[in-house]
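Architecture at a glance
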Amino acid sequence: MKTFCGRANPTTGALDWVEESEEYDYHQEIARSSYADMLHDTDRNQKYYAGIRAAVARVKARGEKATVLDIGTGTGLLSMMALTAGADFCYAVEVFKPMAEAAKCIVEKNGFSDRMKIINKHSTEVTLGPDGDMQTRANILVTELFDTELIGEGALPSYEHAHQNLVQEGCEAVPHRATVYSQLVESELLWSWGQLQPVMVEGARLAPPPAVTQCAGAHSVCDIQLSQVSPEQFTPLGPLCTMFSLDFSKPVSSAPQSHTSHFPARVSGRAQVVLSWWDIDMDPEGSIVCSMAPSWTYPQPKAAPWRDHWMQSVYFLPTERSVVEGEELSLTVIHDDYSLWYGLQTDRYSPLETPLCRPCCTCHAHLVWNRPRFGEARWRGTGWLNGTPLCHAIGHCIIVSDGSLLPVFAQMLGAKKVRHLSLFFILTLSSCILIANSMKGGVELLEIRADQLSSNDLGGQQISVLMGEPYYSTSLLPWHSLFFWYCRTALAKLLRPGAAILPRSATLHAAAVEFQDLWRIRAPCGTCEGFDVSPMDQMVQRSLDFRESREAEPHPLWEYPCRALTLPTAVMTFDFTQCVPEQPINAQGCFPFVRSGSCHGVAIWMEYQLTEEVTISMGLSGDGACEWSRHRKQGVYFFPSPRQSVGEDGGGGKVSYSFTFEPSSGDISMEFNVVSDSA
């Protein structure tokens, strides 16, 4: 069965009505899931297996039958571990129907169907009794309900319900305990992701509005691969603090709680950011530990396990505070049933200033921009205007970007009249910036789409300069920013002859890459700890074949080390000085391997040409050991399996490519193949 769905097109800006299969949403969820990443996480799997063996052994030593409740079973892996370790029966709960069905296939394939029951429900809906889902309470509770923030997937309510209704008092639990660690730091890099900073433009200081600097920010955690943030980019102001622990073998409460750690400041500095991660003890003694600590905490960083389903957390304090070496500090974490947030008290005898409620954005900036965008807005803006003719503009300058500082920069650099086209809540942010810098009359804010703008809106005058960063809050993939091109086309009749279009063009670049670890999220698993999980591989592949395998997906590649196996190649150029063409744009070619390695896929990004001399890249900024922009996500096209490359030092080989840009939809289709020179 198919249904018509309305989808906002991020490239054209249009509302497209498309016919989609009723299975489309869950195929997308499966295709972009982290199941493969978890199964490839050997450290996690082995620690769980050891903890489960120990728990089953403790129950058996008491002369009891071992009955397991596995909440969030996924593939059924942990239940099969328990049965292999000697458990008598497992109740495996999985709320996602496609995954529950895959688990049934996996369990049957491995010969455990007679001792295991898959329950396709949320654990809080599971019933107990002769006619219920479970005939008896379990004496072993096995769960994998965690996310980067530990409790963000609803672990606390699930544990609370399980202890009240589904497991015996004093049950064994795997994991047995979780502990959250935090460290207060100063970091210009990370703080720039949470607050708009002052910017110097032609010797003048552009100040952020008080509404932004005094805003506590969004409540959502900033989860990143903290291993890729060098210790040189932050200064610890205190020790690594043990904030709180949760004992999962005992009743757990989902009610809000707070925990405070007291310590003297190690050095003087600005308290800005809290770095946080957690570990789980698989046994009561704490001898089997699975840690989420970043690699730079390890004596040998390369020995640290890699995982993408659990990363590290960055929390931004509501306000920046100056602290002095030796000053007594109190760091408080508060959590409800799904999230954590932090507050800092610089005098333990003063009234508690930690917010009682989770942070909430009141300035609109944290709703318009993602975290890296704050940093980009600070350093990218003036560079974007480098070499532009704004100072000589004698007419109208139109800015088409979301939440951009370009209108303010343009006014400061001498544009005669500036208008900013965007949505209401984005324009509210721009208005605050203008008022804070006494420039309210210099920029006109228009809550209007480009295709709705008329000559009357411009007072009968024509546009001298049309400009965009381009940044749009709806963009995910690099080419979604071609929305600027569609806006330029809609405004064509309002442009003065010879009007400046900035950027003048955009070029799509690509390079074949070998990932250090990211390949795991899309690689088939086959067997995991001796269990055949190939039905899950097949399920994921079916969902990929539904559509996703023919598409790239967005990733912030600065977080994922890789090597370029080919030179960066410009594969397609879009000329913004002309309107969007009516006919498709096609590009074919190849890029030869220059290094040997395992080719896991192709990285794709945009570069914008402002002038003949000025180009700004949203992707690769270094060759070989790749360095990537921290402010935008790049596209990644994964190969179904690694392809061996042979570079200049060992022979030939290349990646052939084919791109098609379809103007009517704004979509870019692509195809890549690794071929030998003899092919």
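Structure: above.
So, a few notes on the structure that sits alongside this text.

The rules we used
- Residues numbered from 1 in each chain as written.
- Predicted model: local features only at pLDDT ≥ 70, side-chain atom pairs only at ≥ 80, totals over all residues.
- Heavy atoms only, no water.
- Salt bridge = Lys/Arg side-chain N within 4 Å of Asp/Glu carboxyl O.
- Helix = DSSP H or I, 4+ residues; strand = E, 2+ residues; numbered from the N terminus.
- Buried < 20%, exposed > 50% of the residue type's maximum accessible area, 1.4 Å probe, protein only.
- Pairing = 2+ DSSP bridges.
- Axes fitted to C-alpha atoms, helices over the stretch in contact; angles between N-to-C directions.
- 1 Å grid on protein atoms, 1.4 Å probe; cavity = no way out; pocket = protein on both sides within 12 Å on 5 of 7 lines; lining within 4 Å.
- Points joined across faces, edges and corners; volume = space filled by probe spheres on them.
- Nonpolar A, V, L, I, M, F, W, Y, C, P; charged D, E, K, R; others polar.
- Core = buried A, V, L, I, M, F, W, Y, C linked by side-chain atoms within 4.5 Å.
- Contact = heavy atoms within 4.5 Å.
- Right-handed = clockwise from strand over helix to strand, strands pointing away.

So, about the pattern of salt bridges. Inspection of every chain in the model, using the stated rule, returns 22 salt bridges. Glu 376 is the partner of Arg 632 in a salt bridge, and the nearest nitrogen-oxygen pair spans 2.9 Å. On the criterion of sequence distance, the pair formed by Arg 632 in the loop between β33 (615-617) and β34 (634-645) and Glu 376 in helix α10 (residues 371-384) is long-range, its members being 256 residues apart. Across the salt bridge formed by Arg 419 and Glu 444, the nearest N and O atoms sit 2.8 Å from each other. Residue Arg 419 is found in strand β21 (residues 417-421), and its partner Glu 444 is found in strand β22 (residues 443-446); the two are separated by 25 residues along the sequence. Arg 419 sits in the buried class, given a relative accessible area of 7%. One continuous salt-bridge network, built from bridges that share partners, spans Asp 41, Asp 43, Lys 47 and Arg 307.

On to the sheet that holds strand β19 (residues 340-345), then. In spatial order, the strands read β14-β18-β19; together these 3 strands make up an open sheet with antiparallel pairing. The open sheet terminates on both sides in strands that have one partner only, identified here as β14 (257-264) and β19. Strand after strand, the sheet turns through a mean of 20 degrees between neighbouring axes, direction not considered. As defined by bridge partners, strand β18 (residues 328-335) adjoins β19 across 6 bridges and the pair is classed as antiparallel.

Turning our attention to empty space enclosed by the protein. Here the structure, examined in full by the defined rule, presents 5 cavities of 30 Å³ or more. Taken as a whole, the largest cavity encloses approximately 160 Å³ of empty space. Lining the largest cavity are 20 residues, with Ala 216, Ala 218, Tyr 315, Phe 316 and Arg 371 sitting closest to its centre. Of all the elements in the fold, those that place two or more residues in the lining of the largest cavity are β17 (312-323) and β19. Of the residues assigned to the lining of the largest cavity, the class counts are 13 nonpolar, 6 polar and 1 charged. Here the second largest cavity defines a volume of roughly 60 Å³. Here the lining of the second largest cavity gets 5 residues from one element, more than from any other, and that element is β34.

Leu 69, Phe 146 and Tyr 342 are the most contacted members of the largest nonpolar core, which totals 129 residues. With 7 residues, the top contributor of residues to this core is strand β15 (residues 269-281). Those residues in contact with Phe 146 that sit more than four places away from it in its chain are Tyr 48, Glu 153, Ala 155, Tyr 159, Pro 175, Phe 248, Trp 278, Ile 280 and Trp 310. With 55 residues, the next largest nonpolar core counts Phe 484, Trp 485, Val 614 and Ile 616 among its residues.

This next bit is on the pairing of strand β3 (residues 67-71). Moving residue by residue along a regular strand, the side chains alternate between the two faces of the sheet. By the criterion of burial, β3 is predominantly enclosed, with 5 of the 5 residues buried. Covered by surrounding structure in β3 are Thr 67, Leu 69 and Ile 71 together with Val 68 and Asp 70, the residues of both alternating faces. Read as a crossover between parallel neighbours, the route from β3 over helix α4 (residues 77-84) to strand β4 (residues 89-93) is right-handed. Relative to strand β6 (residues 138-143), β3 runs parallel, the two sharing 4 bridges. Residue Ile 71 lies in a different strand from β6, and its bridge partner there is Thr 143.

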